[in-house]
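Chain and residue survey
Spelled out, the chains give:
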Amino acid sequence: MVEYGYGEEIIKQVEDIIRTHSCDKDKLPTSSEGQILSSADAMSHFYNDFYIRIATCRQRNSDEFKQWANEKLERDLNDKIFFDFARDMVKERYEVIKSFVNLG
């Protein structure tokens with residue numbers, strides 16, 4: 001994007017933020033911007049139909065979905081949200097979704 005006036009350093013920072021927002025085991029965001037993006041992404045899973053869409057579009061039986069969803073819920077809340085206040089904001093929704101996932 002140098003042609004738009006952005007220097008190489010800014011481009012590298014944006015690339016790093018994008019590459020680390022999923023918080024893969026070996027790639028955690030280190031910048032505050034990266035942590036904000038990761039947190040916002042994880043928080044969005046508690047405020048939309050993310051878990052329902054995954055349940056209906058993936059080839060998993062109910063036990064497989066339950067295991068995946070519980071692991072993903074924990075990851076989203078504890079590993080991808082970097083700020084206590086943000087974690088507190090979604091805690092009630094986390095509990096509701098977790099209860100729903102574990103019905104039956």
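Treat the numbers as computed from the prediction; the structure is a model and nothing was measured. (Residues numbered from 1 in each chain as written. Predicted model: local features only at pLDDT ≥ 70, side-chain atom pairs only at ≥ 80, totals over all residues. Heavy atoms only, no water.)

With respect to the element layout, A69 can be found in helix 4 (residues 62–80). Those residues in contact with A69 that sit more than four places away from it in its chain are Y51 and V101. (Helix = DSSP H or I, 4+ residues; strand = E, 2+ residues; numbered from the N terminus. Contact = heavy atoms within 4.5 Å.)

Another aspect to go through is the pattern of salt bridges. Summed over all chains, the structure comprises 6 salt bridges. For the salt bridge of D76 with K72, the shortest nitrogen-to-oxygen distance reads 2.9 Å. Placement of both D76 and K72 in helix 4 is noted, with a separation of 4 residues, approximately one turn of the helix. With its nearest N and O atoms 2.8 Å apart, the salt bridge here joins D84 to R87. Remark: R87 and D84 occur in helix 5 (residues 84–101); sequence separation between them is 3 residues, near one turn of the helix. (Salt bridge = Lys/Arg side-chain N within 4 Å of Asp/Glu carboxyl O.)

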